[in-house]
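Spelled out from the first residue to the last, the chains are:
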Amino acid sequence: MAYLEIETNEQFIAHARNNKELRHLCFQNLDFSNLVSVAKDLPIEDCLFLGCKIPEGIRCKLTSSSLLFPSMKVPYNTFRSTLYNAYELYRGYSIEDPTSFDRCFDTLVYNHYLRTGKHASDIKETLARSLHDHSIGDALSDFLSHYDEQQIVGVMGGHALQRTDPVYRQIIGISKELTERGFLMVSGGGPGAMEATHVGAWMAGRTQEEVDEAIAVLSSAPGFHDEGWLHTALQIVRDYPQKHYYSLGIPTWLYGHEPSTPFATHIAKYFENAIREDEILTIAKGGIIYTPGSAGTMQEIFQDAVQNHYLSFGYASPMIFLGKDYWTKEMPVYTLLEDLMKVGKYKNLLLTITNESKEVIDVLTGFPFGKE
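Let me begin by describing the structure that accompanies this report. Quick caveat: nothing in here was measured; it's all calculated off a predicted structure.

Procedures and definitions
- Residues numbered from 1 in each chain as written.
- Predicted model: local features only at pLDDT ≥ 70, side-chain atom pairs only at ≥ 80, totals over all residues.
- Heavy atoms only, no water.
- Helix = DSSP H or I, 4+ residues; strand = E, 2+ residues; numbered from the N terminus.
- Rg over C-alpha atoms; globule rule 2.2 N^0.38 Å.
- Buried < 20%, exposed > 50% of the residue type's maximum accessible area, 1.4 Å probe, protein only.
- Contact = heavy atoms within 4.5 Å.
- Areas by Shrake-Rupley, 256 points an atom, 1.4 Å probe, with all protein chains shown as cover.
- Lys, Arg positive; Asp, Glu negative; His and termini not counted.
- Charge placed at Lys NZ, Arg CZ, Asp CG, Glu CD.
- Pairing = 2+ DSSP bridges.
- Axes fitted to C-alpha atoms, helices over the stretch in contact; angles between N-to-C directions.
- Core = buried A, V, L, I, M, F, W, Y, C linked by side-chain atoms within 4.5 Å.
- Salt bridge = Lys/Arg side-chain N within 4 Å of Asp/Glu carboxyl O.

**With respect to the overall build of the chain**
Inference 1: When helices and strands are tallied, the chain shows 15 helices and 13 strands.
Inference 2: Its C-alpha atoms give the chain a radius of gyration of 23 Å, near enough to 21 Å, the size a compact globule of 372 residues would have.
Inference 3: Its C-alpha atoms put the chain at 70 × 55 × 45 Å along the principal axes.
Inference 4: By residue count, 52% of the 372 residues in the chain fall in the buried class.
Inference 5: Sequence separation of 24 or more characterises 63% of the internal contacts of the chain that already satisfy a separation of 6 or more.
Inference 6: Taken as a whole, the chain presents about 17200 Å² of accessible surface, with 53% of it coming from carbon and sulfur.
Inference 7: Side chains of the chain carry 32 positive and 47 negative charges; the gap between the two charge centres is 4 Å.

Shown next, in the form of structure tokens:
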């Protein structure tokens, strides 16, 4: 039986009032200082305490059946119970002071990551990162439990795509419509094609005129190296608040030099890029849209093809390639996949190549194929 997760004081009090003991529970980041009176008469058995503050009044009741994992002295929370959002990652950043980016939470964690090594050798640091990524994975599972797995769609593509590029606008339009139709849009959570995915989801429910206004503001800083890239993004987030539609970004501190897009309402940021890459491809069971990209996108295509070939999750999902010339001439991976399908080296791949947004949307909304 899975441990019941208790993440707030209110959850703890409600559970304690309705049970005669505290058994098989997992407490995350709770401060028990004000909860001693609630728990004092209840036996505590087989519980997990993750990053909790435990006063003596409760500590003395614990037996060897319970496990305590104390907080670690690192600049990030190893036992967080929720995903990040832009306000947390950019805490400390001010639109009025661009230099404050160097002091925001995300930058401080990235600098710590570089100081201790991308492949850290210190066992305490590697343990802290593993615990952090485990907690992110747990929070991600909680978040995704509210969605039909075939309504989760990924967008893959290059981080260098400019905000002024017609493909950037096209991705926004596709993502906006799919979000309005109930899909959860997922990307690697960075700039370029990834950002466009979340801009579209963020602008869901708004008029085309408002979308055009937002793109005009963003276009004043076309690439993430340009001054004002983050400033303009946060300006749109402020001026066009979003409370009804969500999207999921899954970035990594391995590529911490690429800022995480603030347009993703939920952000699962990992230290371990291998976990992050696999997570994106695994959860996007509704299909993946491949927009023009380079080495990273190539890796994702073939990793996704393997999952679909072996029906790793019971069925194959659509692989949609946006940009006929790019995927057949400049980077002819679509042609290669077709050829490998013909000779039987790949099976089960649901391939589509198109230039048209409507065809992308029709394929995804028609999956599983045959549904209305």
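Past the structure itself, the notes keep going.
**Concerning the sheet that holds strand 12 (residues 318-322)**
Across a sheet, paired strands are connected by hydrogen bonds in the backbone, their directions being either parallel or antiparallel.
Inference 1: Strand order in the open sheet made by the seven strands is 10-9-8-7-11-12-13, with parallel pairing throughout. Strands at the two margins of the open sheet, each flanked by one partner only, are strand 10 (266-267) and strand 13 (350-354).
Inference 2: Across three bridges, strand 7 (residues 152-156) lies against strand 11 (residues 288-290) in parallel orientation. Note that in strand 11 the partner of V155 across the bridge is I289.
Inference 3: Contacts between helix 15 (residues 357-365) and the sheet are confined to strand 7, strand 11, strand 12 and strand 13, with strand 12 contributing the most and set at about 175 degrees to the helix.

**Some words on the sheet that holds strand 1 (residues 4-6)**
Inference 1: Spatial strand order, 1-3-5-6: four strands in an open sheet with parallel pairing. The open sheet has two edge strands, strand 1 and strand 6 (67-69), and neither has a second partner. Looking at each pair of strands side by side, their axes are set apart by 15 degrees on average, direction ignored.
Inference 2: Where strand 1 lies against strand 3 (residues 25-28), three bridges are found, and the strand directions are parallel. Across the sheet, the residue bridging to L4 is L25, located in strand 3.
Inference 3: Packing against the sheet, helix 1 (residues 9-17) makes contact with strand 1 and strand 3, and its axis sits at approximately 125 degrees to strand 1.

**Topic: the nonpolar core**
Considering soluble globular proteins, one finds that nonpolar side chains tend to be buried as a cluster.
Inference 1: Judged by nonpolar contacts, the single largest core of 58 residues is most densely connected at L248, F321 and W327.
Inference 2: Among the elements that take part in this core, helix 6 (residues 123-144) stands out by supplying six residues, more than any other.
Inference 3: Ranked by size, the runner-up nonpolar core spans 31 residues in total, among them V153, I172, V237 and F263.

**A short note on the pattern of salt bridges**
Inference 1: One pass over the structure, following the stated rule, counts 14 salt bridges.
Inference 2: In this structure, R129 engages E125 in a salt bridge whose closest nitrogen and oxygen atoms are separated by 2.8 Å. One end of the pair, R129, and the other, E125, are both in helix 6, four residues apart, so they sit about a helical turn from each other. E125 matches R129 in its accessibility class, with the two residues each being buried.
Inference 3: The partner of K176 in a salt bridge is E180, and the shortest N-O contact between them spans 2.7 Å. A residue pair is termed a helical-turn pair when its members lie 3 or 4 positions apart in one helix, as K176 and E180 do in helix 7 (residues 166-180) at four residues.
Inference 4: When its relative accessible area of 12% is taken as the criterion, K176 is described as buried.
Inference 5: Judged by its relative accessible area of 33%, E180 is partly exposed.

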